[in-house]
Amino acid sequence: MTAPKESSVPADTGRALVELDHVSKFYGNIKALQDVSLEVHAGEISCVLGDNGAGKSTLIKIIAGLHRHDTGTFLIDGEETTLANPRDALDRGIATVYQDLAVVPLMPVWRNFFLGSEPTKGTGPFKSLDVRLMRQTTRSALLRMGIDLRDVDQPIGTLSGGERQCVAIARAVHFGAKVLVLDEPTAALGVKQSGVVLKYVAAARDAGLGVVLITHNPHHAYLVGDRFVLLKRGAMAGSHTKADVTLDELTRQMAGGSELEELSHELERAPGPLGGLRDEKP
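Presented here is an overview of the structure given in this document.

Parameters and conventions
- Residues numbered from 1 in each chain as written.
- Predicted model: local features only at pLDDT ≥ 70, side-chain atom pairs only at ≥ 80, totals over all residues.
- Heavy atoms only, no water.
- Helix = DSSP H or I, 4+ residues; strand = E, 2+ residues; numbered from the N terminus.
- Buried < 20%, exposed > 50% of the residue type's maximum accessible area, 1.4 Å probe, protein only.
- Contact = heavy atoms within 4.5 Å.
- Phe/Tyr/Trp six-rings, centres within 6.5 Å; stacked < 30°, edge-to-face > 60°.
- Lys NZ or Arg CZ within 6 Å of the ring centre and 35° of its normal.
- Core = buried A, V, L, I, M, F, W, Y, C linked by side-chain atoms within 4.5 Å.
- Pairing = 2+ DSSP bridges.
- Axes fitted to C-alpha atoms, helices over the stretch in contact; angles between N-to-C directions.
- Parallel < 35°, antiparallel > 145°, perpendicular 65-115°, else oblique.

What follows concerns the overall build of the protein chain. Scanning the protein chain from N- to C-terminus turns up nine helices and twelve strands. Within the protein chain, the fraction of its 282 residues that count as buried is 41%. Partitioning the intrachain contacts of the protein chain with sequence separation of at least 6 by distance along the chain shows that 66% fall at a separation of at least 24.

Let us now look at the packing of aromatic side chains. How two aromatic rings sit relative to each other is given by the distance of their centres and the angle of their planes. Tallying each qualifying case throughout the model produces four aromatic pairs. Through successive ring pairs, a cluster of aromatic residues spans Phe113, Phe114 and Phe175. One Lys or Arg, lysine 242, reaches over the ring of tyrosine 222 and ends 4.9 Å from the middle of that ring.

Moving on, we get to the nonpolar core. If you look at the biggest cluster of nonpolar residues, it comprises 46 residues, and the most contacted ones within it are Leu142 and Leu180. When residues of this core are assigned to their parent elements, the largest contribution, seven residues, is made by helix 5 (residues 161-174). Contact partners of leucine 180, with chain neighbours within four places excluded, come to Ala95, Val97, Ile169, Ala172, Ala204, Leu209, Gly210, Val211 and Val212.

Another point: the pairing of strand 4 (residues 71-76). Relative to strand 4, strand 1 (residues 18-27) runs antiparallel, the two sharing five bridges. Across the sheet, the residue bridging to glutamate 19 is leucine 75, located in strand 4. Here strand 4 pairs with strand 5 (residues 79-80) via two bridges, running antiparallel. Paired with isoleucine 76 across the strands is glutamate 79, a residue of strand 5.

Two measures define how a pair of helices packs: the angle their axes make with one another and the distance between the axes. Remark: helix 4 (residues 131-144) packs on helix 5, axes separated minimally by 9 Å, with the N-to-C direction vectors making an angle of 100 degrees. In terms of axis orientation, helix 4 runs roughly perpendicular to helix 5. Of the residues in helix 5, those touching helix 4 at Thr137, Ala141, Leu142 and Arg144 are Val167, Ala170 and His174.

This is the structure:
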């Protein structure tokens, strides 16, 4: 088996690596996504924001090849396409890192790094996994991303959530992904670990990948994002570049904007928890 190809910075043609144009997805009578558009460019981070049920998971599944879109246009490198399955997406350079990471906790870091793509040595009955190569490659690939693990032989389940996310990002970069889709990578992490993960998300961008960052946290998105798409109940609630939106405005739109203001006014006028009977004597 030949060694995996290192990721290289794509030529900047101005064309999106991945583009969704008015894409919709229906499950029977349920509209999971409706007329959603998204552009992913090399060396940029496109953030998709939305609360639970906004359609983020459906969008991920379409880009990752798990589900096919029903209407609209899905383009990869300017070519209209429909992905048949996740392997098809990987072959086209789209790597997806899900929130649960799909790792084997008791296996060492290097084994998880090559899971499903193990290099071998020897032939016939003497064919075996090239463990030495996998260890060395994992260590050097992580170091190139600035990730210095104590020991690549330790079970990956002993790493922190942030470290596991960083290993998954480094793996995608090493195996030549052009587009990296990250599903809520900071959702279950504290402030410090979230910062570490965002650092490596930015490193993937700087390596020339187009990154799709799925998140419900506008502060994290604004720190690293270049483009922002807001989803609400499966439809687009906004689309911005960093130059035309502030963090405050992005947060306001994410929080519901005018709906939040209405709720604030209603709460101010609402009676007390006892329905206005607090001052009545028994």
